[in-house]
Structures are given as structure tokens and as C-alpha cells.
Amino acid sequence: MVDIIIQGGQVVTPGGVGNWDVAIDGEKIVAVAEPGSLALEADKRIDAGGKLVVPGGIEPHAHIGGPRQPERSGAEPVSLAAVHGGTTTVLDFATQVPGHDLHHALGEAAERWQGNAYTDYSYHPIFTRGAEDEVIGQIGELVQDGYASFKVFTTSIRPPSPQMQDNKTDFGRLSAIMDEVAEHGGILMIHSEDDDMVSYNYDHAQGRGQWDWWNMHHIHSNLSEDVSFRRAIRLAEQKSCPIYFVHVSADEGVEAVGEARGRNLPVYGETLHNYACFNAENYREDNGMKYHTYPSLKSPGDADSLWQGLLDGRLSTVATDLVSTTWEEKIRFKTVADVTGGHNGIETRMGVAYSEGVVRRGMSLQRFVDITSANAAKIFGMYPRKGAIAAGSDADITIIDPNIKGPLSLDDLHLEDYSIWEGWPVEGWPVTTILRGNIMVEDRNLSGSASVGRLVRRKIDVEVLSKPVC
Ligand SMILES: [Zn+2]
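None of these values were measured; they are calculated from a predicted model. (Residues numbered from 1 in each chain as written. Predicted model: local features only at pLDDT ≥ 70, side-chain atom pairs only at ≥ 80, totals over all residues. Heavy atoms only, no water.)

(A) Molecular detail of the packing of aromatic side chains. Applying the stated rule across the entire model yields 13 aromatic pairs. Aromatic ring contacts, followed pair by pair, group W113, Y121, Y123 and Y147 into a single cluster. Geometry around F93 places K151 over its ring, the cationic atom sitting 4.4 Å from the centre. (Phe/Tyr/Trp six-rings, centres within 6.5 Å; stacked < 30°, edge-to-face > 60°. Lys NZ or Arg CZ within 6 Å of the ring centre and 35° of its normal.)

(B) Quick look at the packing of helix α8 (residues 222–239) against helix α9 (residues 251–262). Contact pair α8 / α9: the axes reach a minimum separation of 8 Å and the direction vectors enclose 20°. In terms of axis orientation, α8 runs roughly parallel to α9. Between α8 and α9 lies a crossing of right-handed hand. Across the interface between the two elements, N222, E225, D226, F229, R230 and I233 from α8 touch E252, G253, E255, A256, V257, E259 and A260 from α9. Looking at the contact of α8 with α9, its residues break down into 5 nonpolar, 2 polar and 6 charged. (Axes fitted to C-alpha atoms, helices over the stretch in contact; angles between N-to-C directions. Helix = DSSP H or I, 4+ residues; strand = E, 2+ residues; numbered from the N terminus. Parallel < 35°, antiparallel > 145°, perpendicular 65-115°, else oblique. Left-handed = near helix turned anticlockwise from the far one by under 90°. Contact = heavy atoms within 4.5 Å. Nonpolar A, V, L, I, M, F, W, Y, C, P; charged D, E, K, R; others polar.)

(C) Quick peek at the sheet that holds strand β6 (residues 42–47). If you walk across this open sheet you meet the 4 strands as β5-β4-β1-β6, and the pairing is mixed. Each having just a single partner strand, β5 (28–33) and β6 make up the two edges of the open sheet. Adjacent strand axes in the sheet meet at a mean angle of 20°, parallel and antiparallel pairs treated alike. (Pairing = 2+ DSSP bridges.)

(D) Inspection of the sheet that holds strand β18 (residues 438–442) at higher detail. Strand order in this open sheet of 7 strands is β3-β2-β7-β16-β17-β18-β19, and the pairing throughout is mixed. In the strand order of this sheet, the two ends are held by β3 (16–19) and β19 (445–446), each with one partner. As judged from the 2 bridges shared by β18 and β19, these two strands associate in the antiparallel manner. Looking at the pairing, V441 lines up with L446 of β19.

(E) Structural detail: the domain arrangement of the protein. Split by domain assignment, the protein resolves into domain 1 (2–54 + 389–405 + 427–446) and domain 2 (64–382). Here domain 1 and domain 2 have C-alpha centroids that lie 31 Å from each other. With 25 residues of domain 1 at the contact, the number on the domain 2 side is 23 residues. Here domain 1 and domain 2 share an interface that buries about 1,900 Å² over both sides, 65% of which is from carbon and sulfur atoms. Area buried by domain 1 at its contact with domain 2 is led by E427, W429 and L446, which between them contribute 29% of it. Linking domain 1 with domain 2 are 2 salt bridges, by the criterion used here. (Domains from an automatic or database assignment. Buried area = accessible area lost by both parts, 1.4 Å probe. Salt bridge = Lys/Arg side-chain N within 4 Å of Asp/Glu carboxyl O.)

(F) The pattern of salt bridges, seen in detail. The tally for this structure, following the rule as stated, stands at 26 salt bridges. Ionic pairing is found between E427 and R360, a salt bridge with its closest N-O pair at 3.4 Å. Pair noted here: E427 is in strand β17 (residues 425–435) and R360 is in helix α13 (residues 349–361), with a separation of 67 residues, a long-range link. Judged by its relative accessible area of 25%, E427 is partly exposed. According to the relative accessible area criterion, R360 is partly exposed, its value standing at 33%. Between R444 and D412 there is a salt bridge whose closest N-O contact spans 3.5 Å. Of this pair, R444 sits in the loop between β18 and β19 while D412 sits in the loop between β16 (397–407) and β17, and the two are 32 residues apart along the sequence. Residues joined by salt bridges that share partners form a network here, namely E27, K28, D120, R385, K386, D394, D396 and R436. (Buried < 20%, exposed > 50% of the residue type's maximum accessible area, 1.4 Å probe, protein only.)

What follows is the structure, encoded as C-alpha cells:
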């Protein structure tokens, strides 16, 4: 007797794609077997005929609101949208602030999530400007505690904004952080832009007539991505530190990551589905700042390169860079120095990657699972517990109906009062989402609660840290 059998679907497993039955008991997958061969009683049978059965999505990059960012939506509404979109694990951030250490940051993140989670979750600690040696010295114990990934910014992003001044980590501290991350078995996520170039571009933006929001790509430029990625890769190579570039936005970034991986360095790249599907020309629309997230959207050719990188393996993951705000907040600021960043598309990530990747660009189903789930599980230390449909893995499963077609409407979505994806023609959409054996969404209707989600302790496999395995 088991709790659930999912039958009749096309199942994507680490070993291949086939028509198998999947048995779930308690929180785990207990068997993947030929149709009808499971001689088991089940409390519930889910008919997945004509549908696709994939590992629950893993969102590697989300900034959840809390008391210090009241304008952002919190864990409950964001994770609710995530499960509706087929995502079962969300990785948020724990930002160290001057005067406090990383444990304090993790405590704040835990307060945001505990009891408010429709998904499982963890956080990447973020270092900010002037991190003291004592704070950097906490990396080893945090890895031991199950927080194996850390993040830095190489730029203060918007140098004219006083509230952004704490973001930047200088290259001196960065090298000290890399030493510790490498020694203790962690990975370093880098928001990589050349701070000198970005600052210079801001200084000259008004004189060049580039002050309105639609000039964002001239400030956060391709050249900045090129130079900063290569500098970060060089330092990481010297320090033997595995790195992960968040939100690769330009052809230059894809190239730099691809070259480093070609030299067998443990370098990984993420892009965002909005970066791959929209471009800087969209900024010109009325209220076109709605498309913006930092660094910036680039040209249509760059967006093509991002898809190419996702298809050919140079890029490993597709993320959201979630910062979820209301429409009013999103369009409030109108210059390159103050536009609201972030993307509320956590619900659209899986469906858009399927429609645009598999249906329109011929991406294999295995590759689709890699970029939406398995690779993030590997890189951030959750595999094969997460990111795999296999006996022994957590029963985190998403069923996609390829027959759902048409333009997305706001009624399809569950987060905020606007979406840049409104009207987007999708082909295929998540309909049922299971988190550790709990049916969270069934046939697009909510059935789980916000008390189900748990913290995931993470430990990264040594292979992932020594060469580009995914
Ligand atoms: Zn981010």
C-alpha cells in the first residue's frame, strides 16, 4: 500500500524519458516502474495520461520581502505562486548588514519563511560592503550548517542611490571570501558588473541624454559584463573557487562562461526567462520599465545568445531574480538611477521555459528538467534528494499539460496586480504540483497549505565543485 501512484504520464528521470508509473509513499518516491507493473494498492491514483511528469522546479534566485523590505511580497504569496507554476523549492537570500553577522541574516530569513511556505526553501548568505574578517570567517560553520552557497555583488549596482552603497564587495575582500568558500566546500554566486564602468556610465548619463529608464543597457552594458566576468573568472581560477554567475544577460557573458567551462573550471551560469524572452527594445514601450531587472535587458541578439547557451549547455539554470512588488511600485521610478528592479515571474518560469525551450526551440525534455530543476539541485547541494524522479528522492513532482495553449491572462496568475507575461502565448502549463508527497496544487486548484514547506539543508558534491558537471 502506497499513498499515491501517478500513472500514464511521460516521465523524465535521470536515466531517460519514458511512460512509467511513479509510486509515492510518505514524503518519498518509492518506485518508478513499467505501466501497470506496480502490484501496489494506492490511496490515490493520479491519471497523467497525455501529460508530462517532471521533477518539481527549483528557483535558485528569489529575493523575498521582510520587515526591512516591506515593499516586496513575502514568502507566503511568493511560494503560493511558485507551486501554481510548478516550482517546489525556492532559494532566497540572507543579507548580512553592517553591524551584524551572517547568523543574524539567517535568523531574519528564517522568520520570513517558517510557517509561511508552500514550497521548501533555503537561503544564500550575501556578503555586503566591508564584510569584516570575522564575518568572512563564518563561512566554514555555515557550510557545516547546510548553507553551502554565498553571494557577492562586484558593484553597488546604482552608484547614485545611497541605499545601494552597501552592496559592493571589493576585489580584495572577494579574494579572501573565495579562499574560505573554496576551502570549506561552498560555491560563490556573483552579481558581476564592472563597478568602475557602471559608475562612469552613470556620471555621464545625463550629458549623453541617457537618463530615462529605457537607456538601462547603456549603463549596465555588455562591455561591463564582459570585463567583469573575465576578471571574476581569473580570480576564481587563482583561488580554485567554484563560482556561479547570476543573471547572465549578454552574449559576452555566455561566451566568458563557456570559455571557462571549456577549460574545465567549475564555473556555472544562470539566466532569467525575462532576459531570454524580452530585450532592451521593450523598454521603449509605455511603462517599459516594467521589464527591467538589474543589470539590464540587452539586445535581441543577446537574448538569442541566452537561449543558445541554455540549449548547448554553456548556461546551467533559468531563474527569476524575483523581487515581487505591486504595479504602482514597479512603475514609480523613471530614470536609470532609480528604476525598481526585480521580476515577479516565479510562476511563469517553468511554463515559459517549456513553451519557449521545448516547444519552440526543440530543447530535449531532459535538458528542460536540467535547466529548471536538476542543475540547481546539483549546484546548490540538494541532488538527488531534489531535482530527480527516482526511488529515494523527495516526492517533488510537477505535471505539465502540453495541451494548455494560449495567451496568459492575469487570471491565470497568482502574484501581484500585473505581469509582464500577460498575453504571452504559452504551449504547455503546470497543472499539478506535489511537494514531498503533499499535493499542493491539483488540476490548477490549490490543495496544500503554507505549513508544508521546510528548510532544506544543503551540501554540494565535490564533483560539482571541481569541474563543470552540469
Ligand atoms: Zn538578484
